[in-house]
Amino acid sequence: EVLIKEGDVVKIELGVHLDGYIACGTHTFSVGKKLEGRKADAAAAAQQGLEAALRLLKPGNKSSEIVSVINKIGEAYGVKAVEG
């Protein structure tokens, strides 16, 4: 059991499976105070990467193009995107 403290960064991840359909969702939260420094950079890169990916997710676009945009956003913040 982990005691959550002010300033911790917590990830809540949920996945469900129903009749062959799988859905997953993840959110990252700061407990009790605003993120600063590298933690804020990582959160901003993830949020902007997600928004860019959703805008590009349409027929005719290649997944490699979406990954490239996500990586460029990460580079701008000095972080690396991870899979999974």
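Residues numbered from 1 in each chain as written. Predicted model: local features only at pLDDT ≥ 70, side-chain atom pairs only at ≥ 80, totals over all residues. Heavy atoms only, no water.

A. Here's a closer look at the environment of A40. One can find A40 in helix α1 (residues 37-56). Using a relative accessible area of 23% as the deciding quantity, one classes A40 as partly exposed. Considered as a pair, A40 and A76 are 36 residues apart in the sequence and their alpha carbons are 13 Å apart. (Helix = DSSP H or I, 4+ residues; strand = E, 2+ residues; numbered from the N terminus. Buried < 20%, exposed > 50% of the residue type's maximum accessible area, 1.4 Å probe, protein only.)

B. Looking closely at helix α2 (residues 63-77). Taking 1.5 Å per residue, 15 residues should reach 21 Å; α2 reaches 22 Å between its end C-alpha atoms and fits that length. Elements in contact with the buried residues of α2: α1. Looking one or two places after α2, you find G78, whose phi comes out positive at around 75°. (Expected span 1.5 Å × (residues − 1). Contact = heavy atoms within 4.5 Å.)

C. Just the environment of Y21, in detail. Note on placement: Y21 falls in strand β2 (residues 21-30). On the accessibility criterion, Y21 (57% relative accessible area) is exposed. Separated by 31 residues in the primary sequence, Y21 and A52 place their C-alpha atoms 24 Å from one another.

D. Spatial organisation of α1. In this model α1 runs 29 Å from its N-terminal to its C-terminal C-alpha over 20 residues, within 8% of the 28 Å that 1.5 Å per residue would give. Taken together, the buried residues of α1 touch α2.

E. Fine view of the pattern of salt bridges. Taken as a whole and judged by the stated rule, the model has three salt bridges. With a shortest N-O distance of 3.8 Å, D8 and K5 are connected by a salt bridge. For R38, the salt bridge goes to D41, with nearest N and O atoms at 3.9 Å. One end of the pair, R38, and the other, D41, are both in helix α1, three residues apart, so they sit about a helical turn from each other. Judged by its relative accessible area of 52%, R38 is exposed. (Salt bridge = Lys/Arg side-chain N within 4 Å of Asp/Glu carboxyl O.)

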